[in-house]
Amino acid sequence: MGPTYQKLLASLKEHRGSINDVCLSGDGKRFVSAASDGSCIVWDLDTHRRVSILQEDSFFASVRYHPDNMRLVTVGSNRRLGYWSSATGEQQRSLEASEKELSTVAVSPDGCFLVTGGADRSVHVWDYRTMRVTHSGNAHMGAITKAIVSPIQQHVITVDAEGGLFIWGI
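Quick summary incoming for the structure in this document. (Residues numbered from 1 in each chain as written. Predicted model: local features only at pLDDT ≥ 70, side-chain atom pairs only at ≥ 80, totals over all residues. Heavy atoms only, no water.)

1. Structural notes on the sheet that holds strand 4 (residues 50-55)
Taken together, the four strands give an open sheet; going across it, the order is 1-2-3-4, and neighbouring strands pair in antiparallel fashion. The open sheet terminates on both sides in strands that have one partner only, identified here as strand 1 (19-24) and strand 4. This sheet shows a mean twist of 15 degrees between the axes of neighbouring strands, independent of strand direction. In the sheet, strand 1 pairs with strand 2 (residues 30-35) via five bridges, with the strands oriented antiparallel. Residue pairing across strands places Val 22 opposite Ser 33, the latter belonging to strand 2. (Pairing = 2+ DSSP bridges. Helix = DSSP H or I, 4+ residues; strand = E, 2+ residues; numbered from the N terminus. Axes fitted to C-alpha atoms, helices over the stretch in contact; angles between N-to-C directions.)

2. Quick word on the nonpolar core
With 13 residues, the main nonpolar core has Val 73, Leu 81, Tyr 83, Leu 114 and Trp 126 as its most contacted residues. Elements with a minimum of two residues in this core: strand 6 (71-76), strand 7 (80-85) and strand 9 (102-107). Counting residues per element, this core draws most heavily on strand 9, which supplies three residues. Among the nonpolar cores identified, the runner-up in size contains 11 residues, and Ala 34, Phe 60, Val 63 and Leu 72 belong to it. (Core = buried A, V, L, I, M, F, W, Y, C linked by side-chain atoms within 4.5 Å. Buried < 20%, exposed > 50% of the residue type's maximum accessible area, 1.4 Å probe, protein only.)

3. Considerations on the pattern of salt bridges
Applying the stated criterion across every chain, the model contains four salt bridges. Across the salt bridge formed by Arg 50 and Glu 14, the nearest N and O atoms sit 2.9 Å from each other. Here the residue Arg 50 occupies a position in strand 4, and Glu 14 occupies one in the segment before strand 1, the gap between them amounting to 36 residues. The exposure class assigned to Arg 50 is partly exposed, which follows from its relative accessible area of 44%. (Salt bridge = Lys/Arg side-chain N within 4 Å of Asp/Glu carboxyl O.)

4. Section: the sheet that holds strand 13 (residues 144-149)
Pairing within the open sheet is antiparallel, and its three strands lie in the order 13-14-15. Because the sheet does not close on itself, it has two edges, and the strands there are strand 13 and strand 15 (165-169). The mean angle between the axes of side-by-side strands here comes to 20 degrees, regardless of whether they run parallel or antiparallel. Here strand 14 (residues 155-160) pairs with strand 15 via five bridges, running antiparallel. By the bridge assignment for strand 15, His 155 is matched with Gly 169.

Interpretation in functional terms is not warranted from these geometric data alone.
This is the structure we're talking about:
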């Protein structure tokens, strides 16, 4: 894009439903899209071609790269936290993480912990390796729609569907 023109490089149309999230790999070579059709697609940014596809009987709401760029983390309507290979699309681990739909997942910059949130209005911090909750927070009045981890990993910021914005200490 420039001040007076735009140059479209590609139009990628493999999903059969709305795309809910997109995440760029840490090295900037690939990105992944998460859709309501039950798929996440890993794309090569240079060739504009599909690298792998993740499929599950779920509305994928959020997807994030682990800092090693080899793994992806997903959440969605099936209430599960999923770990996947970004190269093959194979699920490596999965666990039920909530009693209601999950809408967001964030990965810490060092990859040691994750943050999830969703319709149950609870924030959960997970140890990446053990897949166990280490911290929880309940202050939201609406479904949590987004969570982020600060670059120095001292804070988690969450927002909800009712206009709430919360800063949590780690």
